[in-house]
Structure formats: C-alpha cells, structure tokens
Amino acid sequence: MQGTSFAAPYVAGVVALVRSRFPSLTARQVMDRIEATAQHPSGPGGRNNQIGYGIIDPVAALTAVIPGQNGVPTADGRADSRSAADGGGEGLDADGGWP
C-alpha cells in the first residue's frame, strides 16, 4: 500500500495513540504535536514530491517534550496549565514505562 490509501489509517492510528496518552489535549494540540514531531524532508518549503511535507513519527509524538504543552514553557515563558496529575507528564519513566 502507498500514498493516501496507507496515510489516512496510519495518521488516524497515531492520533488515537496521542489522544490515549494525553487525554486532555485539544484536537488542535494533538495535531500540533504530530506536526511538530514529524520528520520533515529537505526541499523548498519543507516539501518534496516523494513524501510531501513529511513522515509522522509515532514514537516522537508520544514521547517528545513540546513547548506550550503539559506545563512546558514556550520561548516567551507561557505554558499550559496541565500538571502531571492530569496526564501532563511526558516521556518514559526511569524504568522505561509510561509514568
């Protein structure tokens, strides 16, 4: 399978994983997380004809620390109000499992 025939279910699966891992994120935050952690191709405007605008990275989408999400401040010092208690903790714990 290739192209959009495979892309749509793959993206839907990653969205489901991210929403499961971070249940209080908004739909926009889920989209931002997936876009921010995608592997972007080199080329004009971050696009090429073979892979378009990039390849999503499910592991990065689930483990990356994203500024502005889950209490991580942005460059201007702003952060969302979620704490680790509401699912705001990110990444794997010391034993390699989900916190």
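Residues numbered from 1 in each chain as written. Predicted model: local features only at pLDDT ≥ 70, side-chain atom pairs only at ≥ 80, totals over all residues. Heavy atoms only, no water.

A short note on helix H1 (residues 4-21)
Then comes step 1: Here H1 is 18 residues long and its end C-alpha atoms lie 25 Å apart, about the 26 Å a rise of 1.5 Å per residue gives.
Then comes step 2: Those residues of H1 lying buried are Val-14, Val-18 and Arg-21. Down the axis, H1 shows its buried residues gathered within 60° of arc, on one side only. Facing away from the buried side of H1, by more than 90 degrees, are the exposed residues Ala-8 and Ser-20.
Then comes step 3: Check the buried side of H1 and you find it contacts helix H2 (27-37) and helix H3 (58-63). (Helix = DSSP H or I, 4+ residues; strand = E, 2+ residues; numbered from the N terminus. Expected span 1.5 Å × (residues − 1). Buried < 20%, exposed > 50% of the residue type's maximum accessible area, 1.4 Å probe, protein only. Arc of directions from axis to C-beta. Contact = heavy atoms within 4.5 Å.)

Let's talk about the pattern of salt bridges
Then comes step 1: If you walk through the whole model with that rule in mind, you get 2 salt bridges.
Then comes step 2: Between Asp-32 and Arg-28 there is a salt bridge, with its nearest N and O atoms 3.1 Å apart. Taken together, the residues Asp-32 and Arg-28, both in helix H2 and 4 residues apart, mark about one turn of the helix.
Then comes step 3: Classification of Asp-32 as partly exposed rests on a relative accessible area of 33%.
Then comes step 4: Since its relative accessible area comes to 43%, Arg-28 is described here as partly exposed. (Salt bridge = Lys/Arg side-chain N within 4 Å of Asp/Glu carboxyl O.)

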